[in-house]
Amino acid sequence: MPSHGRAPGDDRPAFDQRQFRDALAQFATGVTIVCTRAPNKRYVGFTANSFNSVSLDPPLILWTIACRSGSLGAFEAAERYAVNVLSSEQTDLARRFSHPHADRFAGVAHRLGWSDAPLIDGCVAWLECRHHARHTAGDHVVFVGEVVTVERARGHALIFHQGRFTSTASPPDLKSG
Ligand SMILES: Cc1cc2nc3c(=O)[nH]c(=O)nc-3n(C[C@H](O)[C@H](O)[C@H](O)COP(=O)(O)O)c2cc1C
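Reading the values: rules and limits
Residues numbered from 1 in each chain as written. Predicted model: local features only at pLDDT ≥ 70, side-chain atom pairs only at ≥ 80, totals over all residues. Heavy atoms only, no water. Salt bridge = Lys/Arg side-chain N within 4 Å of Asp/Glu carboxyl O. Helix = DSSP H or I, 4+ residues; strand = E, 2+ residues; numbered from the N terminus. Buried < 20%, exposed > 50% of the residue type's maximum accessible area, 1.4 Å probe, protein only. Phe/Tyr/Trp six-rings, centres within 6.5 Å; stacked < 30°, edge-to-face > 60°. Lys NZ or Arg CZ within 6 Å of the ring centre and 35° of its normal. Pairing = 2+ DSSP bridges. Core = buried A, V, L, I, M, F, W, Y, C linked by side-chain atoms within 4.5 Å. Contact = heavy atoms within 4.5 Å. Near = heavy atom within 4 Å. Polar contact = N/O pair within 3.5 Å; in protein donor to acceptor, adjacent residues only side chain to side chain. Areas by Shrake-Rupley, 256 points an atom, 1.4 Å probe, with all protein chains shown as cover. Nonpolar A, V, L, I, M, F, W, Y, C, P; charged D, E, K, R; others polar.

(A) How the structure looks around the pattern of salt bridges. Taken as a whole, this structure holds five salt bridges when the rule is applied. Between Arg-18 and Asp-22 there is a salt bridge whose closest N-O contact spans 3.0 Å. Of the two residues, Arg-18 and Asp-22 are both situated in helix H1 (residues 17-24); the distance of four residues between them amounts to about one turn of the helix. Look at Asp-22 and you get partly exposed, because its relative accessible area is 41%.

(B) Region of the structure containing the packing of aromatic side chains. Tallied over the full model, the rule gives 11 aromatic pairs. Aromatic side chains Phe-97 and Phe-105 sit 5.0 Å apart centroid to centroid with 80° between the ring planes, which places their arrangement in the edge-to-face category. Like Phe-97, the residue Phe-105 is buried in the burial classification. Feature note: the residues Phe-46, Trp-63, Phe-75, Tyr-81 and Phe-143 constitute an aromatic cluster, connected by ring pairs. Over the face of the ring belonging to Trp-126 we find Arg-111, whose NZ or CZ atom lies 5.1 Å from the ring centre.

(C) Region of the structure containing the pairing of strand S12 (residues 164-167). Relative to S12, strand S11 (residues 158-161) runs antiparallel, the two being bridged by four bridges. Across the sheet, the residue bridging to Phe-160 is Phe-165, located in S12. Hairpin remark: S11 followed by S12, antiparallel, with two residues in the connecting loop; positive phi at Gln-162, about 50°.

(D) Representation of the nonpolar core within the structure. Counting 21 residues, the largest nonpolar core has Val-34, Ile-61, Trp-63, Ile-65, Phe-75, Tyr-81 and Phe-143 as the members making the most contacts within it. At the level of elements, strand S3 (43-48), strand S5 (60-66), helix H2 (72-77), strand S6 (80-85), strand S9 (125-137) and strand S10 (140-152) are the ones that each hand at least two residues to this core. Once residues within four sequence positions are removed from consideration, Ile-61 is found in contact with Phe-51, Asn-52, Ser-53, Val-54, Tyr-81, Val-83, Leu-127, Cys-129, Phe-143, Val-144, Gly-145 and Val-147. With 16 residues, the next largest nonpolar core counts Val-31, Ile-33, Ala-117 and Leu-158 among its residues.

(E) The site of the ligand, seen in detail. Neighbouring the ligand are 17 residues, the closest being Ser-50, Ala-66, Ser-69, Gly-70 and Ser-71. One of the backbone N or O atoms of Thr-47 is found 2.8 Å from an oxygen atom in the ligand. The contact in question runs from an oxygen atom of the ligand to an N or O atom on the backbone of Ala-66, over 2.8 Å. A total of 630 Å² of accessible area belongs to the ligand in isolation, and the protein chains cover 76% of it. Among the elements of the structure, S3 and S5 are those that each provide at least two residues to the shell around the ligand. Tallied by class, residues from the shell around the ligand come to seven nonpolar, nine polar and one charged.

Here's what the structure looks like:
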């Protein structure tokens, strides 16, 4: 139901949370797993579709994490982290890293780079970042990272749309410029 018919000056939300979520779900996104190494040396990672670009010069990106997330403390303590952009073959990983799991990284092939955070095999891009800024906004914390390394691979990207996983229609060429 449209919720834009409201009197000027009326600040009350004209929608409930379901309507808000449904409207946001029309915005198709890619899917990432953001990873870091916690102070106790364990790897921490979670599925995030809030990832987005912020600035080209300097190169900045952002992502957000719920204040109630068990992973938040590790990222607040982290100077470096990695953003893994998932391919359409990685729906299982997207699910695993968004649910409780004894060890999310068990059996997940990866390498370590500059950030000392897992760069997961089979992704279509990897961005390693140093902490730039953090801002609490409502029930989430916005992290802005300065990108230090980038890498990409050919493949279909995983897409999240209307609460479902799908993929890009055809593997785009790795165009540049
Ligand atoms: C496609 C998808 C995208 C998600 N994006 C985010 C996100 O951007 N930020 C967030 O806090 N949680 C997001 N979640 C939920 C987290 O992945 C989930 O709550 C996870 O369990 C959080 O990690 P934790 O268990 O270590 O707290 C997303 C889940 C899915 C399935």
